[in-house]
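The primary structure of each chain is shown beneath.
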Amino acid sequence: MPHILVAGKLHPAGIARLKSAKDVSYTLVDDISLESYLPHMGEADAVVLRTQPMTAEAVAAAPQLKIVSRHGVGYDAVDVAALNARKIPLCIVGDVNSRAVAEHTLMLMLAVARKAAQHDAAVRRGGWDVRNRFETVELDGKNLLLVGFGRIGRRVAELARAFGMTVTAYDPFVKPDVMAKHGVRPAADLIKALGEADYVSLHMPGSTAGAVIFEEEIRAMKPGAILINAARGGLVDEVLLDRALREGRLGGAGLDVLKAEPPELGHPLLTNQRVVLSPHAAGLTAECAARMAVASVQNVLDHFAGRLDPALVVNASEVGYRR
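Just so you know, these numbers come straight off a predicted model, no measurement behind them. (Residues numbered from 1 in each chain as written. Predicted model: local features only at pLDDT ≥ 70, side-chain atom pairs only at ≥ 80, totals over all residues. Heavy atoms only, no water.)

A. Representation of the overall build of the protein chain. Within the protein chain, the regular secondary structure consists of 13 helices and 12 strands. For the protein chain, the C-alpha radius of gyration of 21 Å lies close to 20 Å, the compact-globule estimate for 323 residues. Expressed along its principal axes, the backbone C-alpha trace of the protein chain runs to roughly 65 × 50 × 35 Å. For the protein chain, the residues scored as buried account for 50% of the 323 residues in total. Of all intrachain contacts in the protein chain linking residues separated by at least 6 positions in sequence, the fraction that spans at least 24 positions is 58%. When the accessible surface of the protein chain is summed, it comes to about 15,500 Å², and 54% of that surface belongs to carbon and sulfur atoms. On the protein chain, the mean spot of the 37 positive side-chain charges and the mean spot of the 36 negative ones are 4 Å from each other. (Helix = DSSP H or I, 4+ residues; strand = E, 2+ residues; numbered from the N terminus. Rg over C-alpha atoms; globule rule 2.2 N^0.38 Å. Buried < 20%, exposed > 50% of the residue type's maximum accessible area, 1.4 Å probe, protein only. Contact = heavy atoms within 4.5 Å. Areas by Shrake-Rupley, 256 points an atom, 1.4 Å probe, with all protein chains shown as cover. Lys, Arg positive; Asp, Glu negative; His and termini not counted. Charge placed at Lys NZ, Arg CZ, Asp CG, Glu CD.)

So this is what it looks like as structure tokens:
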């Protein structure tokens, strides 16, 4: 009987799927930290993992481990090499969160552009006259650059075009004709495209090389431009971004992800009035949390039943996954 370790709080829909499964046992650890689930790794045949790290130490502590299922699509915090060395497949949930993340991206764009947080705070302290500063800007008629054009980027493009935006995408892995089918202009040069965009939204995987939006990219951005990151922490050099915002070179930023999560209380972006922050929650709507919970559990059950879709196994070639 396989034993499943659920590391991190799971939506009740996922727990219900576990309870309905036959011939498996499970342990639930609600806290989202390495320290909380590490003591349970020794008895785990499978792990359903939220956003906490899975280190080589954690993998080594699980001699029975046969599969890891991420509660989401990102796996930056997982030591994939340690899994590969043991031929342990790592799977993701597929396309269950693109709608939620795309909506959150548009929410951040609107919140930054219309200064939602600042205006809310001003009204609550009696500063009704903030309306007469004419500081807010619109989405309609503006240029949006999507850096990355996967499922989420394509959904953002659809929503942005409904707001009257002109959408350009930079993604070396997507053919221009695919972008054209979505009403999006392809960009061959990132630096040039950054200089033409009023809004820049990131929709790409994490980079082992470090930040993608670094000094050259920030300097290339249009004065007053707004940057959105609901993709991966670490894609943006946060120190340089903070400086550019405080100096007024950029108009604002909406960030759902940071390099270190949660950030230390002394992080400069926490006191930057040009930034709207959310706690890595873009994909955590009630509906999406339920879909991710069920899908991440189902992947484990499908693996043991011999019917897991290899397309959901991110290291399939490295571990020889053929089931």
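B. How the structure looks around the pairing of strand S7 (residues 166–170). Where strand S6 (residues 143–147) meets S7, five bridges bridge the pair, whose relative direction is parallel. Within S7, the position partnered with Leu145 by the bridge is Thr168. What joins S6 to S7 is helix H7 (residues 151–162), and the crossover it makes is right-handed. In the classification by handedness, the crossover that spans S7, the intervening helix H8 (residues 176–181) and the parallel strand S8 (residues 185–186) is right-handed. (Pairing = 2+ DSSP bridges. Right-handed = clockwise from strand over helix to strand, strands pointing away.)

C. How the structure looks around the pairing of S6. Of all the five residues making up S6, four are buried; the element is thus mostly covered by neighbouring parts of the structure. As paired strands, S6 and strand S9 (residues 199–202) are joined by four bridges and run parallel to one another. The residue of S9 that forms the bridge with Leu144 is Tyr199.

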